[in-house]
Amino acid sequence: MNKEKIVEKINDFLVEEFEVNIDDVQPEANLKDTLGLDSLDYVDLVVAIESNFGVKLVEVDFVGIASFQSFYDLIENKLKLKASN
C-alpha cells in the first residue's frame, strides 16, 4: 500500500470515527488536539488501525507522535515491518 492510500484510508476512518471535519485533518496539525483524544479514544484509534491495516499499536508507539504526518509515518513503517516479516 502506498503512502497516499495509507493517508486516505486513515483520514476516512478518522472523519467517520471521530467526527472531525476533513479540512482540520492536515499533515502538520496536532493529532490529539484536532481529534480531541482522551485515553479511551486512543483505544478506539488502536482498534481502528488494527481493523483497517492489520497492525497493532502499543502505548510506546505514540511517544513522539504529535502531528498527523508523524502518525501517517508510524502506520507506514508498521506496514513495512509487517510486509518484511
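Below is a summary of the structure that appears in this document. These numbers were taken from a predicted model, which means no experiment stands behind them.

The rules behind the values
Numbers given to residues run from 1 along each chain, matching the order in which its sequence is written. With pLDDT at 70 or above as the cut-off, local features in this predicted model cover only qualifying residues; side-chain atom pairs require 80 or more to be listed or tallied, and sums for whole chains, interfaces and linings still use all residues. Side-chain measures were taken over the full set of non-hydrogen atoms in the model, leaving aside hydrogen atoms and water. Secondary structure elements follow DSSP: runs of H or I of four or more residues count as helices, runs of E of two or more count as strands, with numbering from the N terminus. Burial status follows relative accessibility: with a 1.4 Å probe on protein chains alone, a residue under 20% of its type maximum counts as buried, one over 50% as exposed, and anything between as partly exposed. Think of it this way: Lys and Arg go in the positive column, Asp and Glu in the negative one, and His and the chain ends go nowhere. Put simply, a salt bridge is a Lys or Arg side-chain nitrogen that is within 4 Å of an Asp or Glu carboxyl oxygen. Two residues qualify as a contact provided that any one of their heavy atoms is within 4.5 Å of a heavy atom in the partner residue. Helices are assigned an expected span. That span is 1.5 Å times one less than the residue count. Counting of polar contacts relies on pairs of N or O atoms within 3.5 Å, with two restrictions inside protein: one atom must be capable of donating a hydrogen and the other of accepting it, and residues adjacent in sequence are counted only when both atoms are side-chain atoms.

Observations regarding the side chain of aspartate 41
With respect to the secondary-structure elements, aspartate 41 resides in helix H3 (residues 39–53). For the buried residue aspartate 41, which engages in no salt bridge, the nearest side chain bearing the opposite charge is lysine 32, 9.7 Å off. Every residue in contact with aspartate 41, bar those within four places of it in the chain, is listed here: Phe18 and Gly36.

Remarks on helix H1 (residues 3–18)
Within an α-helix, residues lying three or four positions from one another point in the same direction, as the helix has 3.6 residues per turn. If you check H1, its first and last C-alpha atoms are 22 Å apart, about what 16 residues at 1.5 Å a residue would give, namely 22 Å. On its buried face, H1 sits against helix H2 (31–35), H3 and helix H4 (68–84). Among the residues of H1, the N-terminal cap falls to asparagine 2, whose side-chain oxygen and the backbone nitrogen of glutamate 4 are separated by 3.2 Å. Directly beyond the C-terminal end of H1, a positive phi value near 50° is found at glutamate 19.

What is shown is where atoms sit, not what they do.
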